[in-house]
Structure formats: C-alpha cells, structure tokens
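Letter by letter, the chains look like this.
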Amino acid sequence: MDARANKFWEGFSPAGMDVLLASMVLESYPDQGDLFKEGDTADGVCLVLSGDVEVLIRLGTNEQVLGRFKEGEFLGELAVLDGGTRSACARAHGPVTVGKIPKQLLLEVLLKERPAVTLHLFQQMLNYVRHTNRLFVGEMLHKEKLSVIGEMASSLMHDLRNPLTGIRLSADLMTLKGPETAETTRCCDGIRFQCDRIMAMTRDLLHFSKGDPGLQIERTTTTAFLERFRALHEDYLREAGIICEVTAEPDEIEIDVLRCMRLLQNLLTNAVEALADRSGGEVRIHGWVEEGLFNLSISDNGPGIPKEIRERVFQPFVTHGKKGRHRSRDGDRQQRGERAPREG
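In this text, all values refer to a predicted model and were calculated from it rather than measured experimentally.

Visitor: I tried to follow the overall build of the protein on my own but got confused; where do I start?
Guide: Summing up its helical and strand segments, the protein has seven helices and 13 strands in all. For the protein, buried positions account for 34% of its 344 residues. The contacts of the protein with a sequence gap of at least 6 include a subset with a gap of at least 24, amounting to 73%. Carbon and sulfur atoms provide 55% of the accessible area of the protein, an area that totals close to 20,500 Å².

Visitor: Just to check I follow, could you spell out the packing of aromatic side chains for this structure?
Guide: Each aromatic ring pair is characterised by the separation of its centres together with the angle its planes make. With the rule as written, the count across this model stands at five aromatic pairs. Here the aromatic rings of Trp9 and Phe12 are separated by 5.5 Å at their centres, their planes lie at 75 degrees, and the arrangement is edge-to-face. Considered together, Trp9 and Phe12 belong to a single accessibility category, that of buried residues. By the ring-pair criterion, three or more aromatic residues cluster together here, those being Phe8, Trp9, Phe12 and Phe74. Seen from the ring of Phe36, Arg86 lies directly overhead, with NZ or CZ sitting 4.0 Å from the centre.

Visitor: Would you take a moment to explain the sheet that holds strand S11 (residues 293-300) for this structure?
Guide: Two pairing modes exist for strands in a sheet, parallel and antiparallel, and in both the strands are linked by backbone hydrogen bonds. If you walk across this open sheet you meet the three strands as S8-S10-S11, and the pairing is mixed. Looking along the sheet, the strands with just one partner apiece sit at the ends: strand S8 (243-248) and S11. Across this sheet, the average inter-strand angle for adjacent strands is 10 degrees, counted without regard to direction. Pairing analysis gives six bridges linking S8 to strand S10 (residues 282-290), with the strands arranged parallel. Paired with Cys244 across the strands is Val283, a residue of S10. This element, helix H6 (residues 222-240), spans S8, S10 and S11 of the sheet and lies at about 170 degrees to S8. Those strands touched by helix H7 (residues 257-274) are S10 and S11, and its axis lies near 15 degrees from that of S11.

Visitor: Looking at this structure, how should I read the pattern of salt bridges?
Guide: A side chain of one charge can pair with a side chain of the opposite charge if their charged atoms are brought near each other. Per the stated rule, a full pass over the model turns up 15 salt bridges. Arg68 is paired through a salt bridge with Glu54; the nearest N and O atoms lie 2.7 Å apart. In this pair, Arg68 sits in strand S4 (residues 62-69) while Glu54 sits in strand S3 (residues 44-59), placing the two residues 14 residues apart along the sequence. Look at Arg68 and you get partly exposed, because its relative accessible area is 38%. Glu54 sits in the buried class, given a relative accessible area of 14%. Here Glu252 makes a salt bridge to Arg219, at a shortest N to O gap of 2.9 Å. One end of the pair, Glu252, is in strand S9 (residues 252-256); the other, Arg219, is in strand S7 (residues 217-221), with 33 residues separating them in the sequence. Assigned by exposure class, Glu252 and Arg219 land together as exposed. Residues joined by salt bridges that share partners form a network here, namely Glu27, Asp43, Arg86 and Lys100.

Visitor: What's the story with helix H1 (residues 14-23) in this structure? I'm lost.
Guide: Spacing of three or four residues puts side chains on the same side of an α-helix, whose turn is 3.6 residues. If you check which residues of H1 are buried, you get Gly16, Met17, Leu20 and Leu21. With its buried residues spanning 125 degrees around the axis, H1 presents them on a single face. Set apart from the buried face of H1 by more than 90 degrees, the exposed residues are Pro14, Ala15 and Ala22. Looking at the buried residues of H1, the elements they touch are strand S6 (89-102) and helix H3 (103-112).

Visitor: Just to check I follow, could you spell out the environment of Leu56 for this structure?
Guide: Mapping Leu56 onto the fold places it in strand S3. In sequence terms Leu56 and Ala90 are 34 residues apart; their C-alpha atoms lie 6.4 Å from each other. Apart from residues no more than four positions distant in its own chain, Leu56 is found in contact with Glu63, Gln64, Val65, Leu66, Ala88, Cys89 and Arg91.

Visitor: Any chance you could explain the packing of H1 against H3 here in plain terms?
Guide: Axes are the key here: two packed helices are described by the angle between their axes and the distance separating the axes. The contact between H1 and H3 brings their axes to 10 Å, and the two run at 175 degrees. Between H1 and H3, the angle is such that the two are roughly antiparallel. When H1 is examined against H3, the residues Gly16, Val19, Leu20 and Ser23 are found in contact with a partner set consisting of Leu105, Leu106 and Val109. Across the contact of H1 with H3, the residue classes break down as five nonpolar, two polar and no charged.

Visitor: How should I be thinking about a negative patch on the surface in this particular structure?
Guide: On the surface, a cluster of negative charge is contributed by Glu249, Asp251, Glu290 and Glu291. Among the structural elements, Glu249 can be located in the loop between S8 and S9. Of the residues examined, Glu249 reaches a relative accessible area of 41% and is grouped as partly exposed.

Visitor: In this structure, what is going on with the side chain of Lys100? I would like to understand it.
Guide: The topology assignment puts Lys100 in strand S6. With residues near it in sequence (within four places) discarded, Lys100 still touches Ser23, Met24, Val25, Glu27, Tyr29, Asp43, Gly44, Val45 and Cys46.

Visitor: Help me understand the pairing of S11, please; the structure alone is not making it clear to me.
Guide: The two faces of the sheet receive side chains in turn, since in a regular strand these alternate between them. Where S10 and S11 come together, eight bridges link them in antiparallel fashion. In the sheet register, Trp288 faces S11, and the bridge partner there is Asn295. As consecutive antiparallel partners, S10 and S11 are separated by two residues, and within that stretch Glu291 has a phi angle of approximately 55 degrees, a positive value.

Rules used throughout
Residues numbered from 1 in each chain as written. Predicted model: local features only at pLDDT ≥ 70, side-chain atom pairs only at ≥ 80, totals over all residues. Heavy atoms only, no water. Helix = DSSP H or I, 4+ residues; strand = E, 2+ residues; numbered from the N terminus. Buried < 20%, exposed > 50% of the residue type's maximum accessible area, 1.4 Å probe, protein only. Contact = heavy atoms within 4.5 Å. Areas by Shrake-Rupley, 256 points an atom, 1.4 Å probe, with all protein chains shown as cover. Phe/Tyr/Trp six-rings, centres within 6.5 Å; stacked < 30°, edge-to-face > 60°. Lys NZ or Arg CZ within 6 Å of the ring centre and 35° of its normal. Pairing = 2+ DSSP bridges. Axes fitted to C-alpha atoms, helices over the stretch in contact; angles between N-to-C directions. Salt bridge = Lys/Arg side-chain N within 4 Å of Asp/Glu carboxyl O. Arc of directions from axis to C-beta. Parallel < 35°, antiparallel > 145°, perpendicular 65-115°, else oblique. Nonpolar A, V, L, I, M, F, W, Y, C, P; charged D, E, K, R; others polar. Patch = residues over 30% accessible without salt bridge, like charges linked within 9 Å, V, L, I, M, F, W, Y side chains within 5 Å. Lys, Arg positive; Asp, Glu negative; His and termini not counted. Charge placed at Lys NZ, Arg CZ, Asp CG, Glu CD.

Rendered as structure tokens:
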C-alpha cells in the first residue's frame, strides 16, 4: 500500500509528513519474524504497509497475543513516546513489510506540529493500554479457573485410584480363575482398558491445568491400534445398529494411544449420534502413515457438518446442539438430551 495512506499520518502537516517519509526505512520480515522483542530499545514507529503483525507478551513459559495490526495501521509508538524499552514482542503473521520512522526524527517533528497530532498519538497509546489491560485481566481469570480445575483433577485422581484398582484386579481374577473363552478375555481386556482411560482423562485434566501436554508416547502399529479400537466398540456399534468398517495400512507408529483412542471415540460417537434417526448407518475408519505422520480418516453417510459451525469446527469447545435417541438393548428405555461439547 501507499505509505501516505497509513493511519499514522492523521493530523500531520504536509511538511512534517514529507520530512518523515524521506527518512522512512522499508523493512521486510518472513512469517514468524520478529520486528522487535520485549525489552529492546525503542528505535522508531512501525507503519504496517502489507501483511499482519501480532503483538505478544510472555507470561511464564507461554506467550499471550495482545493484538494484531493490519495493513494501514501502526505500532511501536508507546515506547517511543514514553522513552522506555519495548514492553512486548511484535511478530510477523505471514510475510510483512513495514516502514520504520526513526524515533529521534519523529520527536523533533512532533515538537513543530500542532498539539492535536501528539494528542492523537497519545489517544492511540491509551486505547492500546486499555485493550492490553482487558486481555491481562482475562488471562488472570483464566489462570484462576485452571488452578481450580487442577485442584479438582488432583482430588479426582486420589478418589478414583482405589476403586479403579479394585475393578482392574477383579478383571484380572476373572481372566485367571474363570473359563478361558474369547468373550471373557475380550470383556476383561475392555474393563482394564476403560479403567486406564478414566485415570488418563483425569491425569490429562491435571496436565491441562498446568499447561503441560503430558503425552504418554508408546510404540505400536496402525493395525494393532485400530483393531483394539474396533474390539472395544463393537458392542456399542451393534447396539446402535451401525455398520463400521475399520481398515489400516500396516506400519509402525509412535503415539499417545489413550489420547488417540479418546479422540477417535469422540468422532465415532458424533457419527453415531448423527445417524441415530437413519437406517443403514455406516462409518468408515482408515489409518495410514504418510511422511512419518500417522493419519486417521473417519467418515459416515450422515447429514454432514452443520453450516452453522462449519468454519469454526476445529476451534476448542465448538459444538452444535442436536437431539438424538439412544435405545437400550431391550428397546424399552429412551433418553433425549442436548449434545455436550466433545473433543476432536
């Protein structure tokens, strides 16, 4: 864009604008390139001529985005006007071109301009501070909520450990002392796995509250992973009247098995709910490795993703309310309700 069209020049006299434009330095940055970092000496105001720039601040080990400046906007005046160092980091979000106005020359020109020009820059600075303050307060409230979640998860892990251990031991005893049939073995294996899932979900909640992914990576194969998933859910699918085809291209993989199982189960449950009022429901699951990455594909012959959430479907906690009917095996129990948010 034409540098003269930038919002920065509002109120400047033609003479003052010409002086600053003559000294403006064009700088280009690649995606994720830093225009400046927190703590750097303020050397000028940056006019965004193309692309987007994100302003971030470090909170512990994480970074919080404070705002995004688009083509035609400017940033960096805060430290220039108050004489301090950079209070945040500015990073390119995609390729970016900026025009940098040197600090000292800007201050000299402002002394000759009408007071309204400096007042305008201060108003911009105050708006930025207000916006930053709102984000900071929101982040503190979020951390407080995560702290409560962490305490709850820790308590849950403590309370669940003993009963789940007892259930798991009972499954082991049934396998050892009961008649060795394929059905008994499959059911006991399912009991043990579901106990492990409950503890893993609670542990994940605790890790989430601390900002730690806590991945439990283990080596397996595509066929073993998907065969185990199929075996654990065949009763559920039979009861729902859904035909499920599970295929895999054999290969070795390293994944967090329980988390991938939970992700796939949530997608499967969504598909089953979407097919609840249709006959001939089919779900297809396929797994393969490509360029070192484990890929999972799940599809069904249902109505598809609703238009209302199609553009936001991969954002956290996005869901779409719908009603489904779930029958017990004897057909005399029905439950109706709004669908709860699910992972994946």
